[in-house]
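# Results of the structural survey
Take a look at the letters that make up each chain.
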Amino acid sequence: MTVPTTPTEPNSPTGSATPPGPSTPPGPSTPPGTSTPPGRRERKKAATRQRIADTAMRLFLERGYDSVGIRDVAAEADVAVTTLFSHFASKEALVFEQDDHFEQRLTQTVTGRTPHEPLIPALRDEVHAMVRHCTADGSAAIYRMIDETRALREYEESMRLRYAESLATAIAADPELSRTTTACRTIARFVVDAYALAREASDPQAAVDEIFRMIEAAWDAA
């Protein structure tokens, strides 16, 4: 359940597949005046990670995913293989490079709600943002690569299952929501699948609204 970023340079398909929504999701909220900008080391590390991901995506799209090895990516990005693996646990992770951010966005949609703010509309708005991002120009080739590559399809499916469990845990932990564990897991799975279904629809935004009407009905009935 991911979405390709738009290219990092105009007319260059080098963006890597990232979680839906804005390409740089907000981090955990902090009290005003307490946030600290990243230091030089953190900025350098983030820049290296992004360069590796962008290089990998460019090579995958140019040569085909299965034709590119980890050493090819490391050499092209001018980093050691050990450096690459310090940022990415596997070759598949290079395609889904903002995996953790998406999981965080989903759970923060639950935990960051204002008191008594309804859950389902908040999740619907988040999925709308994800779908808008995933239908941006330049994403088709990346999705085609994912759909045509078994390893990437399986990796994406494992991510979706993990996201659903994390979302279900966040929902179940909210004392205002008071639903059974089964209800929380079911709704979480529906929400995660809503993105994948909507991105394939002829009118993705309308599909999100249609799906969430059913999700809201199921939530109210739980």
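Rules and cut-offs
- Residues numbered from 1 in each chain as written.
- Predicted model: local features only at pLDDT ≥ 70, side-chain atom pairs only at ≥ 80, totals over all residues.
- Heavy atoms only, no water.
- Helix = DSSP H or I, 4+ residues; strand = E, 2+ residues; numbered from the N terminus.
- Expected span 1.5 Å × (residues − 1).
- Buried < 20%, exposed > 50% of the residue type's maximum accessible area, 1.4 Å probe, protein only.
- Phe/Tyr/Trp six-rings, centres within 6.5 Å; stacked < 30°, edge-to-face > 60°.
- Lys NZ or Arg CZ within 6 Å of the ring centre and 35° of its normal.
- Salt bridge = Lys/Arg side-chain N within 4 Å of Asp/Glu carboxyl O.
- Core = buried A, V, L, I, M, F, W, Y, C linked by side-chain atoms within 4.5 Å.
- Arc of directions from axis to C-beta.
- pLDDT = per-residue confidence, 0-100.
- Contact = heavy atoms within 4.5 Å.

### Quick look at helix α6 (residues 119-134)
Over its 16 residues, α6 runs 23 Å from end to end, which matches the ideal 22 Å to within 8%, given 1.5 Å per residue. Counting buried positions along α6 yields 12 of 16 residues, so the element is predominantly enclosed. Among the residues of α6, Leu119, Ile120, Ala122, Leu123, Glu126, Val127, His128, Ala129, Met130, Val131, His133 and Cys134 are the ones counted as buried.

### Some details on the packing of aromatic side chains
In the structure shown here, the tally under the stated rule is 3 aromatic pairs. With centroids separated by 5.4 Å and ring planes inclined at 15°, the aromatic side chains of phenylalanine 96 and tyrosine 155 adopt a geometry described as stacked. With a gap of 59 residues between them, phenylalanine 96 in the loop between α4 (91-95) and α5 (99-111) and tyrosine 155 in helix α8 (residues 150-172) connect regions that are remote in the sequence. A residue is classified by how much of its surface remains accessible, and phenylalanine 96, at 2% relative accessible area, is buried. A cation sits over an aromatic face here: lysine 91 above tyrosine 65, 4.2 Å from the ring centre. A cation over an aromatic ring shows up here: arginine 179 above the ring of tryptophan 219, its NZ or CZ 4.1 Å from the ring centre.

### A closer look at the pattern of salt bridges
Opposite charge on two side chains allows them to pair when their charged atoms are near. Enumeration over the complete set of coordinates arrives at 12 salt bridges. Its salt-bridge partner being glutamate 97, residue arginine 49 comes within 4.0 Å of it at the nearest N-O pair. Placement of the pair is arginine 49 in helix α1 (residues 40-63) and glutamate 97 in the loop between α4 and α5, with a sequence separation of 48 residues. Notably, a salt bridge pairs glutamate 103 with arginine 162, separated by 3.0 Å at the nearest N-O pair. On the criterion of sequence distance, the pair formed by glutamate 103 in helix α5 and arginine 162 in helix α8 is long-range, its members being 59 residues apart. For glutamate 103, a relative accessible area of 16% puts it in the buried group. With relative accessibility at 32%, the residue arginine 162 sits in the partly exposed group. Among the charged side chains, a salt-bridge network with shared partners connects Arg58, Glu62 and Glu76.

### Observations concerning the nonpolar core
Counting residues in each nonpolar core, the largest one holds 57 residues, and the members touching the most others are Phe60, Val73, Val95, Val191 and Phe212. Per element, the largest residue contribution to this core is 9 residues, and it comes from α8.

### Remarks on helix α7 (residues 140-148)
When α7 is considered as a whole, its buried residues turn out to be Ile142, Tyr143, Met145 and Ile146. Within α7, the buried residues cover an arc of 155° as seen down the axis, which keeps them to one side.

### Re the confidence of the model for the chain
When the pLDDT values of the chain are averaged, the result is 84; 84% of them are 70 or greater. Element-level pLDDT for the chain is lowest in strand β1 (residues 3-4), with a mean of 46, against a maximum mean of 98 in helix α2 (residues 70-77). Contacts from residues 1-34, a stretch scored under 50 in pLDDT, to residues over four places away or in other chains number 111 contacts.

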